[in-house]
Each structure stands twice: as C-alpha cells, then as structure tokens.
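Now for the letters of each chain:
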Number of protein chains: 2
Amino acid sequence: MAKELKELTKRAENYSQWYNDLIVKADLAEQSAVRGCMVIKPYGYAIWEKMQAELDRMFKETGVQNAYFPLLIPKSFLSREAEHVKGFAKECAVVTHYRLKSSEDGNSVVVDPEARLEEELIVRPTSETIIWNTYKNWIHSYRDLPLMCNQWCNVMRWEMRTRPFLRTSEFLWQEGHTAHATREEAEAEAQKMLKVYADFAENFMAVPVLQGVKSETERFAGALDTYTIEAMMQDGKALQSGTSHFLGQNFAKSFDVTFLNKENKPEYVWATSWGVSTRLIGALIMTHSDDNGLVLPPKLAPIQVVIIPIANKPEQREAVTEKLMPVITELRKKGISVKYDDSDNKRPGFKFADYELKGVPVRLAMGARDIENGTIEVMRRDTLEKETVSFEGIAEYVEKLLVDVQQNIFEKARKYRDEHVYECDNYEEFKERVKDGGFFLCHWDGTEETEAKIKEDTQATIRCVPFAYEQTPGVDMVSGKPAKHRVIIARSY
Amino acid sequence: MAKELKELTKRAENYSQWYNDLIVKADLAEQSAVRGCMVIKPYGYAIWEKMQAELDRMFKETGVQNAYFPLLIPKSFLSREAEHVKGFAKECAVVTHYRLKSSEDGNSVVVDPEARLEEELIVRPTSETIIWNTYKNWIHSYRDLPLMCNQWCNVMRWEMRTRPFLRTSEFLWQEGHTAHATREEAEAEAQKMLKVYADFAENFMAVPVLQGVKSETERFAGALDTYTIEAMMQDGKALQSGTSHFLGQNFAKSFDVTFLNKENKPEYVWATSWGVSTRLIGALIMTHSDDNGLVLPPKLAPIQVVIIPIANKPEQREAVTEKLMPVITELRKKGISVKYDDSDNKRPGFKFADYELKGVPVRLAMGARDIENGTIEVMRRDTLEKETVSFEGIAEYVEKLLVDVQQNIFEKARKYRDEHVYECDNYEEFKERVKDGGFFLCHWDGTEETEAKIKEDTQATIRCVPFAYEQTPGVDMVSGKPAKHRVIIARSY
C-alpha cells in the first residue's frame, strides 16, 4: 500500500484532520507563504476548470455575458452603501502605496513613503460597488435592461481563521451582477440563479442541497434577501455552497443608477448578485470522499478512467498495450477522459492506491491472463467493488458504469442527508443532539435575540428557511413565542 | 449612417485617437474609476475568451497544466533575485493594512492603523518569486522534472502612462513557469513556447510576427534571454506581443531549488517563464481595423456571421425569417457563431454600420425581393465588398468565405509589414525615416551606449535580433564599430 495512503487520517478519528490531510495528499492544494492564501495545485485546479466550464455554459444559456472589472476599488466606494461597508470593512486588504525603493543598506526593498496613494484602494472582497459605479454609464433607458454580467476572478477577504477551499483570504469565484427594470424581474432572476446553482450541485457535483432564504442576520451585506443552497457534510455540518442575492434598489441608489421607463420617467434600477467559489471543491471533497481518499463524481473528475497494464515482462506489457489501445480510442471518442498509466517505475499496487487516493471513478486493469481469458478487471471507486468482466464491449460497459457511479454517489449523499434532518421542538433536546451534527427543523420566532442565543449556546446558526418543506405555524422552542415557520439550524463550516 | 460611426476618428487624421475611439465605440473596454485600470466590456471580453480557449488548448497539448498561485507576494521575496527587484520595485502596488474602520464622523471608512501587516505584500506584477518559492517543495528529484505550470490571472504594474489593452495598471494574462533538469531543455522550452505564440498570432489573430531575441537592456528582469514576437501596427510602430524567457538558474538559486540528478547529486533547476496578455487585443485592433471600425479575424470573432432581415411589413419579416432559419441551423452545425438580428427598433442601415463597427466578418441580408429571386446579399467586412449570390448553398459559401477572410487579412497585414521593413546603414537616413514608422534592419555593435543613443535621438528601440534573417557582419551605423549582425529597430508601443 502506498505510503501516502497509509498516513491518511481516518474520518472517524478526526474528521477535520482527515480533510486537511486529504487535500495535501491528493495534490489538490497547499498553504502558501502568504497567511491564509493557498496554492491550488494542478489536480485541484483541473477540478475547478471542469466546474467553471459547466457553470459558465449554464450562465450563458440564461443570457449572461462575461466581463471584467478592476481588482482595486476606491475606499470611498465602500462607504456608499451603509450595510455593505459594515459587512466588509473589517476584512479588507488595503493598497496604500504604488512603489518600493531600495533600503539604505541596498539589500532589500522598502515602501517608498513618497509614493502614497491619494485615496487608498481596497482589493475587492466582492464587486458590487465598482460594478454599480460602472453600470451608471451603461444604463439609461429601459431598453438597456436587463443587463446581466458575470466575472470569473479572485477576491480577497482577510479571514482570521482559514481552511483550504472552505475559507481562505484569497479565493477564486464567479460573481454575477444583474440590473432590471422591475422588482419582480430582479427577484425572479435571483431565484433563477439559485436554481442554476442547485442544478449544478446536484447534477454535476452529486451534492444534494436544500434551497432556502437566509435570516436577516445572515444576509449578504446590502441585500434585501439572500437565497442559499446548503449542503450537509459527512460530519453532519452544513456548508453554504452558493448564494444569490436580491439587492433591491440599494446599490442603484448608492451609485445613482436610474433608467427612463417606457413612460419616460426616471426610476432606480433593481439589482441581483450571485456567486459560487472554490469553496465548492471543499463541498465536493467532504461530501463524497472516504478513508481511502477522494471520491470524485465522474462529471467533474479530471481523469474519469485510469487503465493500468499488469505485466512483469516487456513483451507482456506490449501485448496488453496493443490490446488496450483500441479501447482507449473508443472511450476518448465517447468524450471520456482516460489516463493510460504504463509507467514502469511504480508497481501496480502503488498505482492502484494512488488513483484511489485521487478519486478516479473507474479503474481498469489488464494482464496476460486476462488476454487469454478475454477479460478485464474493473474497479469502481465509489464502492471499491472489483469485478472481472468480458473484454468485449468494455467501452460501453465503462460508459454505463460512469453514469451509475455519478447516480450512486448522489443517492448515497442524499440518503445520508435525509437521515440527518430532524424536526425538533425541544430546546434541551436540540442542544444535546446538535453536537452530533445534522440539520434541525425548528420553529423560530423570527427575532435576532433567539438567533443569537442559539448561536451562543450551541455554535449552531439558522441556515435558512427551506423552500421545499411544508410549513405549519408553531411555537419557538427557545422563547416560547409564536413562530410562523420552521428554519434549518445546524453547525456549519 | 449610425451616429457612433460618423464620430469615429479617421486613422490618417489621428491614429492614436482612432484607436482610443474605436475601443469605446465598439464596446470593447472603458476607463474605470481607478487610475490606469480598465473595465473590459462583454464584447471585448468575448474576444479574450476566444483567445484563452485556443491558447489554453495549445499549451495543454505541450503538456502544460494549469494551477493557481497567490495574488499577494511578500515584499522580501522580490529582493531575492537582484535583477528582478530592480525591474519591478518601481511599479508595485503595496498592501500595508488588512482592515478598515469607521471614521470619527461615522460617514466613511479609514485605514485602521492597528491593522498594519508585519510584512507588506505586493500585488503580483509577475509570479516568478512566489512560484519558485513553491516549486522548492515540489521538486526533489529528476523524476519531478520537467514541471510545467501555467496560470490565467490578473497582474498589476503601476504604470504612469496607460492606454487601454496596450498598457494598463492591471491586466489579464497567462504566465507559464517551467522547471527543467538541463540548460538545453529549458532553452528549448522557452523557444518552443515562443513558437506557440507565433503560431497563435499568425494563424488565429492573423497578425504576422517576427521572432527574435531581445538585447540585454530589453530583457525580462531576471532572465538570461528573452525571446519575443514583434508585430507591426498600421502606423509602422512595433508592438511586443508575447515574450518567453530563459531564466537560467537565477530563480532556482534565489529560492534554493535543487534536485537530485540520476547520479544522486544535487543540482540547481533550470527555468523558463512566458506570457501573453490582454495586450493581444490591442494588437488585433491595431493590425486589422479600419476607418469603419473593427475588422476581426473569423477565428476569434465572437460573432462570425450576422444575418439581417430586410422587411418593412411583419408578413415580409416572417417570410424572410422562415427562409433563413434552416441556414442558421446549418451554419451553427458547422460550428459557426451566428447572430440573427431581427430587432425592430433599429433600421437595417443602422444595423449594417453597427456590425461593421464591431468587426463581424460576414454579413448576410435578405429581403422579399431576394426570396423571389432565390438570392441573398453577402458582405465581407475585410474588403467591404458586397455581392448578391444564390441562396442555394449559402451555408457552404459562407463557410468558405470565412476561411478566405481569415487568410486575406493575414496576407494584407503581412504585405504591409513586409513593405515596411528596411535595411538601413546610414544613421542620418535612419533618423529621418524612422519618424514615419517601419522596422529598420541595422547593424549594431552590441553596446548599451549605442542602444541608448538611438533611443535618445529617435525614441526608437532595438526590438530584437530576428531569427529568420540571413545575417552578415557589418559596421554599426552609429558608432562605426564592427557589428556581428543586424537588429530590428523601431518605435514601439
């Protein structure tokens, strides 16, 4: 067994350590020399590229166009929207100078005090302010609306406690920013993009999500409503995986963006914004992976099928390779990404463990005996089941198996999630049980006080008011006051 | 004629103004609120996306993988490579603080003096330092080599004089960073990537380029050799369009990156880096466009074919649309991007001018008369030639026409370039003629003094020692000293 694999912490021992270990051992990412910022290694980045390609296609199908807005935002822009600045000022990286000069001893560089900026610039934590300042020039009439732009970029939020992919000072994301003529259209857009995220999470990532709306406390800074998709990790904690915000006219008012309506009267523009980030890679890892390493959904796996020849002698290797080449060609024609690993400096056992660690969904192995028997060995990563099947028709077999793996890991994750969603009406019981994870459906009186008390007592937070749940009024389990509906409460990342 | 078009400055009047006008009027980009930083608008960004897709494919075909390294670089990293810091310290945006707080009057935010970073961070002007600091952990043995990573990202160089796409404080680019076991392999890699750039410039952008090697003065800061592709704009000025650097062991030594060779002895790693940026969009615009607007090469045009129905009455419009739909489907099946513009709030004449301004390579127009006659009108943007052709087989016709347009604009640009490359042996003549643009092939004695004098006298610089030019020794036209070869001297952007 490969050394790397032996050293992977077991989930049951220490879930958090398992996650950190896995990221390093599977070559996804590592800490950089800059506090809280990670290096995304080629294998991790390949997953992100697959995610980007699908999401980008889905956005464009709704009429969204990509654009690019500046990295640096004048400090004064942040202050224009009162809630927005409250939310982000505490974690802004600030550019104050534009030049370095040699130190006196000539051995290093120091900030040149003469190159101080007149106004400090913020490294964007999100781009509503600079984008709405730009939209002011692009929007004049109802004919200019809707305006729907997205950008793929890096953002920075100076976080005190960071974890790879889940919370880093710099992260990669996409941020969509749309402008509309009516409140209804903007609300519909925010909800539509949430559905795009949910579709992507479930049908590509194989991560089941609950859709809902955030409480006021948990809203995006400057939004009237924040919609969210919440996924459950294998330790029962929630991971907010994507958010879509109905921003009302807040940013239009702050940046004075109006349009002439059909009656030629000026009105403020209605806005949305929505984003998902490299955090999705964290969700992917924590939902499916196991003590042997990553489990990747076939639709997002950089390598979908790995093929390993089993041969001690060069002539055996050649015979196996000759047999396999047409299969590789056939699989690639089907759009399946195949890696043929005939490197001779590692043993098959090492390769097996390594590709398990890397989460390759399907592994094929073939030796001289298989050629004689007309067979090939197939291993599926999700269940680790191995079988020997007929070599004839193996490409179709693998193609179907990939669909099956994708489906199976989704069902498995959904089953786990569903088994860990509980209705709960008793606060003492809640406090005890929430320690072990899970989503708790509880009546909430709608007050910030109750929300704060729950958080203080249990570290759990209100994740959302779920959409797909038949709601009945009841009694808040904490305050005893009347409650309109149940919310999902959970500990979270 | 559309208002926007009428206002486009003519090239002959003011080439520089024409360029700036065109960028704004064709909706490519605009200045942002942040000095020297631009907003890339959807139409401009769509060109960049097309460029990225092709280049990314070409890089990956050579075995390069994408990754992502941090935006912010510790200030001390810059000092490690002596030449590198000299080249970049004067244009670095510096992050000094990580938090803002409310001002005393509560109406704005100010930098929180208590949130000062222990060590200032630089917004990356290029990533050699942080990447080689990372490679130190990735490279141990000759088996880890070659290591070939690329990243698509934003970088920042605080430029005093900026122009959209050509020179902006923030720009988008890709930077490849490779590590090799031998000098020969690294040199070959640097040259191979230059060939990839030249291939992309000529076969996708339709921009002819001269390949060559830079003089020591013009080298990338920290490189042993900088290879370049130089394009000629329509005013005869040179535009450096992509560079590939052989970095020797400079960064490996600065960051202590060694590997054990096959004899188990430690050696420093050999390096290259190479990059192209959104500057390529500037090259594209300035090479092909004319007084009517953009001329885009079909292979990179976001819209390759626009189809405009000519109809005054709704029933005419319907008849034309019905006729055209199968053609649109057929073109799209061929992988051609088609826009069918049947909007009824703009007249055909306005649309014609607008798509000319936007550089759409082929325009089709069809009216009731055409239906009767079994014809359709075709306009090619490069020559503005219009003809009425048979409707039958129009999809194949258009497909061939796109190939022809791509070829024609390349040939036209090459002809222009070739007509403006001169051998010159007399400095007085050179000084007179270089004002009008063009590339001058002149003998150079290889000294910095001569190079500096030429620049001072004429603003022209040595662009490169060209590869594809039969060299004979001669006499430096400035110093009269012996010269080994001719170099290309030109004014440049």
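Residues numbered from 1 in each chain as written. Chains lettered and ligands numbered in written order. Predicted model: local features only at pLDDT ≥ 70, side-chain atom pairs only at ≥ 80, totals over all residues. Heavy atoms only, no water.

- Looking at an unreviewed UniProt entry, chain A carries the name Proline--tRNA ligase, with the source organism given as Palleniella muris.

**Observations concerning the environment of A:Met477**
1) Next: Relative to the elements of secondary structure, A:Met477 occurs in the loop between strand S25 (474-475) and strand S26 (482-483).
2) Next: By relative accessible area, A:Met477 is classed as buried at 12%. (Helix = DSSP H or I, 4+ residues; strand = E, 2+ residues; numbered from the N terminus. Buried < 20%, exposed > 50% of the residue type's maximum accessible area, 1.4 Å probe, protein only.)

**Comments concerning the relation of the copies chain B and chain A**
1) Next: Rotating chain B by 180° about the axis while translating it 0.0 Å along that axis superimposes it on chain A, leaving an RMSD of 0.0 Å. With respect to symmetry, the two chain copies, as superposed, fit the operation of a two-fold axis. Rotation axis and chain B: the residue whose C-alpha lies nearest the axis is B:Val95, separated from it by 2.1 Å. (Least-squares fit on C-alpha atoms with pLDDT ≥ 70 in both.)

**A word on the interface of chain B and chain A**
1) Next: Counting residues at the interface gives 65 residues for chain B and 65 residues for chain A.
2) Next: Approximately 5000 Å² of surface area, both sides summed, lies buried where chain B meets chain A, with 66% of it carried by carbon and sulfur atoms.
3) Next: Interface area lost by chain B to chain A is led by B:Tyr68, B:Tyr98 and B:Leu100, which between them contribute 13%.
4) Next: The interface formed by chain B and chain A holds two salt bridges in total.
5) Next: The salt bridge partner of A:Glu49 is B:Lys60, with a shortest N-O separation of 3.0 Å. (Contact = heavy atoms within 4.5 Å. Buried area = accessible area lost by both parts, 1.4 Å probe. Salt bridge = Lys/Arg side-chain N within 4 Å of Asp/Glu carboxyl O.)

**As for the pattern of salt bridges**
1) Next: A complete count under the given rule lists 76 salt bridges over all chains for this structure.
2) Next: Where A:Arg486 meets A:Asp425, a salt bridge forms, and the shortest distance between an N and an O atom there is 2.9 Å. In this pair, A:Arg486 is assigned in strand S27 (residues 485-490) and A:Asp425 in the loop between strand S22 (421-423) and helix H14 (427-433), connecting sequence segments 61 residues apart.
3) Next: A salt bridge links B:Glu423 to B:Arg486, with the shortest nitrogen-to-oxygen separation between them at 3.7 Å. Residue B:Glu423 is located in strand S22 (residues 421-423), and its partner B:Arg486 is located in strand S27 (residues 485-490); the two are separated by 63 residues in the primary sequence.

**Section: empty space enclosed by the protein**
1) Next: Applying the stated criterion across every chain, the model contains three cavities of 30 Å³ or more.
2) Next: If you add up the space inside the largest cavity, you get close to 50 Å³.
3) Next: Considering the residues around the largest cavity, the lining is formed by A:Cys37, A:Met38, A:Ile40, A:Glu170, A:Phe171, A:Leu172 and B:Tyr68.
4) Next: When residues of the lining of the largest cavity are traced back to their parent elements, those giving at least two are strand S2 (38-40) and strand S10 (170-180) of chain A.
5) Next: Per element, the largest residue contribution to the lining of the largest cavity is three residues, and it comes from S10(A).
6) Next: Tallied by class, the residues present in the lining of the largest cavity amount to six nonpolar, no polar and one charged.
7) Next: Considered as a void within the structure, the second largest cavity measures approximately 40 Å³ in volume.
8) Next: Lining the second largest cavity are A:Tyr68, B:Met38, B:Ile40, B:Glu170, B:Phe171, B:Leu172 and B:Thr278.
9) Next: Secondary-structure elements contributing two or more residues to the lining of the second largest cavity are strand S2 (38-40) and strand S10 (170-180) of chain B.
10) Next: Considering every element that reaches the lining of the second largest cavity, the biggest residue donor is S10(B), with three residues.
11) Next: Here the residues of the lining of the second largest cavity are counted per class, giving five nonpolar, one polar and one charged. (1 Å grid on protein atoms, 1.4 Å probe; cavity = no way out; pocket = protein on both sides within 12 Å on 5 of 7 lines; lining within 4 Å. Points joined across faces, edges and corners; volume = space filled by probe spheres on them. Nonpolar A, V, L, I, M, F, W, Y, C, P; charged D, E, K, R; others polar.)

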